[in-house]
Amino acid sequence: MHGSERSVHSLLDLTGKIAVLTGAAGWLGSAMSRALAEAGARLVVTSRDATQAEAFAASLPGAGHLGLAFSQGDTDSIPAFVAEVVQRMGAIDILVNNAYGGPPADIDNATADDFDQAYHVGVTAYFLLARDIALHLRERGVGGSIINIGSMYGVVASYPEAYAGLGVNSPPNYHGLKGGLVHLTRHLAVYWARDNIRVNCISPGPFPKMPFIDEAHPGFIQRLEEKVPLGRMGKPEELKGLVLLLASEAGSYITGQNILVDGGWTAW
């Protein structure tokens, strides 16, 4: 080791850190939760269902995790939620803004309410939760990491032919809000950098819930795979390394970035 240079194991170690991950029990959230727990963090994992959140917390490696019911769209509850986490866990060091529950509106029939709901849950609530945690971090004076979960569809349009004739769609409200979230990430990063609070975005590409999607919509996966240079769908574990990098000191000089994990989809 050269001088004070830390080892990679030390940089990635989250022992003693408290991480909040919303929508934690979902397809991608569960893998990211396990990544942080495996690195030594104590987690606060949320779901709209208290029993599900508690059961998932109990399933994580390590000890001292907490499962809480939390509906991100109920933005009035955010200050009390943050206060409860701080009271019960002692502090918050990391936030992974992952929960989403907007309506899957079709482009020909999407309503103003579809957009309002999607933006409220996927942009407004992300900001309000991040800000309350950023204020907590500022008060402590220790810095921290905020990670928003975006989508490649916040950067590029989808291929209409990939969805044609199938019971799935590429909702315009989803595309709009994820694009907004990517830019909100940049804005928050530069304003909070003075407090050593890093803000980044992870934008997954095609990570459909298998085999459910393939059974429900035959042929859809094959259509998507044709658009991916690596020729396959992503596996949830392929997000674990990146979320750990951004949450830990290994990513201490990374802020304001949107990192795509898409098998090369956006490189075409």
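Residues numbered from 1 in each chain as written. Predicted model: local features only at pLDDT ≥ 70, side-chain atom pairs only at ≥ 80, totals over all residues. Heavy atoms only, no water.

## Describing the packing of aromatic side chains
Argument step 1. For the structure on display, the rule yields six aromatic pairs.
Argument step 2. For the ring pair Phe115 and Tyr119, a centre distance of 6.2 Å and an interplane angle of 20° mean the geometry is stacked. Taken together, the residues span about one helical turn, with Phe115 and Tyr119 both in helix 5 (residues 112-140) at a distance of four residues.
Argument step 3. Taking relative accessible area as the criterion, Phe115 reaches 29% and is therefore assigned partly exposed. (Phe/Tyr/Trp six-rings, centres within 6.5 Å; stacked < 30°, edge-to-face > 60°. Helix = DSSP H or I, 4+ residues; strand = E, 2+ residues; numbered from the N terminus. Buried < 20%, exposed > 50% of the residue type's maximum accessible area, 1.4 Å probe, protein only.)

## Quick word on the packing of helix 5 against helix 7 (residues 172-192)
Two numbers describe a pair of packed helices, the interaxial angle and the distance between the axes.
Argument step 1. Contact pair helix 5 / helix 7: the axes reach a minimum separation of 9 Å and the direction vectors enclose 20°. With respect to each other, helix 5 and helix 7 are oriented roughly parallel. For helix 5 against helix 7, the interelement crossing comes out right-handed. For the pair formed by helix 5 and helix 7, the contact residues are Asp114, Phe115, Ala118, Tyr119, Gly122, Val123, Tyr126, Phe127, Ala130, Arg131, Ala134 and Arg138 on the first element and Pro172, Asn173, Gly176, Leu177, Lys178, Leu181, Leu184, Leu188 and Trp192 on the second.
Argument step 2. Counted by class, the contact of helix 5 with helix 7 contains 14 nonpolar, three polar and four charged residues. (Axes fitted to C-alpha atoms, helices over the stretch in contact; angles between N-to-C directions. Parallel < 35°, antiparallel > 145°, perpendicular 65-115°, else oblique. Left-handed = near helix turned anticlockwise from the far one by under 90°. Contact = heavy atoms within 4.5 Å. Nonpolar A, V, L, I, M, F, W, Y, C, P; charged D, E, K, R; others polar.)

## Focus: the layout of surface pockets
Argument step 1. What the largest pocket holds in volume is close to 1700 Å³.
Argument step 2. Residue lining of the largest pocket: 48 residues in total, with Trp27, Leu28, Tyr100, Tyr174 and Phe207 positioned closest to the centre.
Argument step 3. Listed by contribution, the elements that provide at least two residues to the lining of the largest pocket are strand 2 (42-47), helix 5, helix 7, helix 8 (212-216) and helix 9 (220-225).
Argument step 4. The leading source of residues in the lining of the largest pocket is helix 5, at four residues.
Argument step 5. Across the lining of the largest pocket, the residue classes break down as 26 nonpolar, 19 polar and three charged. (1 Å grid on protein atoms, 1.4 Å probe; cavity = no way out; pocket = protein on both sides within 12 Å on 5 of 7 lines; lining within 4 Å. Points joined across faces, edges and corners; volume = space filled by probe spheres on them.)

## Regarding the pairing of strand 3 (residues 66-69)
Argument step 1. Note: strand 2 against strand 3, four bridges, orientation parallel. Residue pairing across strands places Val45 opposite Gly67, the latter belonging to strand 3.
Argument step 2. Handedness of the crossover is the feature at issue here: the chain leaves strand 2, passes through helix 3 (residues 50-59), returns alongside strand 3, and the resulting connection is right-handed. (Pairing = 2+ DSSP bridges. Right-handed = clockwise from strand over helix to strand, strands pointing away.)

## A short note on the side chain of Ser170
Argument step 1. Following the sequence through the fold, Ser170 ends up in the loop between helix 6 (160-163) and helix 7.
Argument step 2. One polar contact links Ser170 to Ser158, side chain to side chain, over a distance of 2.9 Å.
Argument step 3. For Ser170, the side chain forms a polar contact with the side chain of His175, separated by 2.6 Å.
Argument step 4. If sequence neighbours within four positions are ignored, Ser170 has contacts with Tyr153, Ser158, Tyr163 and His175. (Polar contact = N/O pair within 3.5 Å; in protein donor to acceptor, adjacent residues only side chain to side chain.)

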